[in-house]
There are 2 protein chains.
Amino acid sequence: MSVEIKTRQLEIITAAGEILSESGISGLTTKKLAAKMGFAESALYRHFKSKENIIITMLNYLAADMDKRFAACLVNVDGTELQLKELFNNQFEFFKKNPHFLVTIFSDGLLEESKNINTAIREIMAVKKKYLLPIIKQGQKERTFTTDLSAEELAHIIMGSLRLQMLQWRMSDYAFDVKLKGNKLMTGIITLIKS
Amino acid sequence: MSVEIKTRQLEIITAAGEILSESGISGLTTKKLAAKMGFAESALYRHFKSKENIIITMLNYLAADMDKRFAACLVNVDGTELQLKELFNNQFEFFKKNPHFLVTIFSDGLLEESKNINTAIREIMAVKKKYLLPIIKQGQKERTFTTDLSAEELAHIIMGSLRLQMLQWRMSDYAFDVKLKGNKLMTGIITLIKS
DNA sequence: TTTTAGTTTGTGAATGTTCACTAACAAACA
DNA sequence: TGTTTGTTAGTGAACATTCACAAACTAAAA
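Report follows, based on the coordinates. (Residues numbered from 1 in each chain as written. Chains lettered and ligands numbered in written order. Predicted model: local features only at pLDDT ≥ 70, side-chain atom pairs only at ≥ 80, totals over all residues. Heavy atoms only, no water.)

1. Looking at helix α4 (residues 51-74) of chain A
Residues and elements named next belong to chain A.
Piece 1. An ideal rise of 1.5 Å per residue puts 34 Å on 24 residues; α4 measures up with 35 Å between its terminal C-alpha atoms.
Piece 2. With a side-chain oxygen positioned 3.1 Å from the backbone nitrogen of N53, the residue opening α4 is S50.
Piece 3. Taken from the residues just after α4, N76 is the one with a positive phi, measuring 70°. (Helix = DSSP H or I, 4+ residues; strand = E, 2+ residues; numbered from the N terminus. Expected span 1.5 Å × (residues − 1). Polar contact = N/O pair within 3.5 Å; in protein donor to acceptor, adjacent residues only side chain to side chain.)

Structure follows, in structure tokens:
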């Protein structure tokens, strides 16, 4: 699944992420990307075989990175409630530091651009579910979380709420502290779903 | 705010909505749009002064239409819980019939395309809040809904959950019955937020 | 230590395609 | 007769991508 990635490639997909959040998908052109990198358009093709390939590499990198981050932040955290909080705290911290990689959250804006991009987007959502669902199921088994709703429904509500939080952060031009407001919302949600 | 719209213009923005959900924003070209309409590209400019103007007219139309729908569906519905259900049932029904107008929900994919488009997107979100918030506040006053979270937070959770529902519907290629699944999720959410 | 050969990473110029949009003109219809 | 709504044929600009070429570095051979 994961891939080795050269430093120059990482620089390029970072720049691509920045352009994406500045100007949307239609604004992501080879010209702009090369300009941001400080070299000619043709040089991009030394590192990627196509523009689509740049986007896909970016999405795959982000999926793999998120997977690693989630796995790392859960070791030595006990209790489903704390795990839930830690998972999202980690996410908020990451995006606070790397707002241009919010594409991970808003990747659906890229939907229908190409078959391969769609697949990469699905992979990102799958990683999120992979970590969230087991925690909720465990919490339900321990009677920490309500069983009035299925684990899938609870996961859905959590993911949906936090996606919207990120969207509002972006639409506000990153005007508030996502980590603060995000964790506050998460605390609220946990209040709701506690049995 | 609202605008009179000619029938031909409505046909065009409908076609634009279809292309948008089939091929994303990069797929929405004057060529494709004209082809779907069955006439030459140049004819588009008889009805709109630019492509950006088509998108903005579409977003404005959808905002105005949603406003009308919401207002209409709330008359003669008593009780905040029922109002909440009716509001979203109406939304599900609309999108079941007009899936190509899901742009309303995923308009954030168009973010950063242009200043004017951004404004139109904000207007859509404002309409949603305009109807949702008062119902929740009223419900809290009546002690129907929990006051553990602010009305804004509750509205946020509801909107976020249902946005994600719509996204999954779209990603599944409209494979399930949104109205059924959406109303079920809404019932679950109401269970959660009842005090 | 210098020479040489190979690889990596860049350049500038050019490719054909697609883009949004315009102009001159014509049929339909009021 | 004038307005509406369409046509065909174009416009230049922007697009992703390719090509022949050249520095710069790497490392082994002389």
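That shown, we press on.
2. Digging into the protein's contact with DNA strand C
Piece 1. Near DNA strand C lie 17 residues; those nearest to it are R8, A40, R46 and H47 of chain A together with T30 of chain B.
Piece 2. When the atoms of DNA strand C within 4 Å of the protein are grouped by moiety, sugar and phosphate amount to 44% of the total.
Piece 3. Within the side chain of S42 of chain A, one N or O atom sits 2.8 Å away from a base oxygen of DNA strand C.
Piece 4. For the surface near DNA strand C, the elements supplying multiple residues, two or more each, are α3 (41-47) of chain A together with α2 (30-37) and α3 (41-47) of chain B.
Piece 5. When grouped by side-chain class, the residues that make up the surface near DNA strand C number five nonpolar, six polar and six charged. (Near = heavy atom within 4 Å. Nonpolar A, V, L, I, M, F, W, Y, C, P; charged D, E, K, R; others polar.)

3. Let's talk about the pattern of salt bridges
Residue and element names in this part refer to chain B.
Piece 1. One pass over the structure, following the stated rule, counts 22 salt bridges over all chains.
Piece 2. Between K179 and E93 there is a salt bridge whose closest N-O contact spans 2.6 Å. Of this pair, K179 sits in helix α9 (residues 178-193) while E93 sits in helix α5 (residues 80-97); the two residues are 86 residues apart in sequence, bridging distant segments of the chain.
Piece 3. A residue is classified by how much of its surface remains accessible, and E93, at 35% relative accessible area, is partly exposed.
Piece 4. Here E152 ties to K137 by a salt bridge, and the two come within 3.9 Å at their closest N and O atoms. Of this pair, E152 sits in helix α8 (residues 151-171) while K137 sits in helix α7 (residues 115-141); the two residues are 15 residues apart in sequence, bridging distant segments of the chain. (Salt bridge = Lys/Arg side-chain N within 4 Å of Asp/Glu carboxyl O. Buried < 20%, exposed > 50% of the residue type's maximum accessible area, 1.4 Å probe, protein only.)

4. Things to note about the interface of chain B and chain A
Piece 1. Each partner contributes residues to the interface: chain B has 40 residues there, and chain A has 40 residues.
Piece 2. Of the roughly 3400 Å² buried between chain B and chain A, counting both surfaces, carbon and sulfur atoms make up 63%.
Piece 3. Three residues, H156, M171 and L192 of chain B, lead the burial of chain B against chain A; their summed loss comes to 21% of the area buried on that side.
Piece 4. Scanning the region where chain B abuts chain A turns up two salt bridges.
Piece 5. E153 of chain A is the partner of K184 of chain B in a salt bridge, and the nearest nitrogen-oxygen pair spans 3.3 Å.
Piece 6. Where the side of chain B that touches chain A is concerned, the elements lending two or more residues are α1 (7-27), α7, α8 and α9 of chain B.
Piece 7. Top contributing element to the side of chain B that touches chain A by residue count: α8 of chain B, with 14 residues.
Piece 8. Its residues assigned to classes, the side of chain B that touches chain A shows 16 nonpolar, 13 polar and 11 charged. (Contact = heavy atoms within 4.5 Å. Buried area = accessible area lost by both parts, 1.4 Å probe.)

5. Section: the relation of the copies chain B and chain A
Piece 1. Here chain B sits on chain A after a turn of 180° about the axis and a move of 0.0 Å along it, with an RMSD of 0.0 Å. Such a combination of rotation and displacement between the chain copies is what one expects of a two-fold axis.
Piece 2. A shared binding surface is used by both copies, with 100% of the interface residues of chain B retained as interface residues in chain A. (Least-squares fit on C-alpha atoms with pLDDT ≥ 70 in both.)

6. Points about the protein's contact with DNA strand D
Piece 1. If you check the shell around DNA strand D, you find 17 residues, and the closest are T30 of chain A together with R8, A40, R46 and H47 of chain B.
Piece 2. For DNA strand D, the fraction of atoms within 4 Å of the protein that belong to sugar or phosphate moieties is 45%.
Piece 3. Within the contact set of DNA strand D, a base oxygen lies 2.7 Å away from a side-chain nitrogen or oxygen of S42 of chain B.
Piece 4. The set of elements that each furnish at least two residues to the surface near DNA strand D consists of α2 (30-37) and α3 of chain A together with α3 of chain B.

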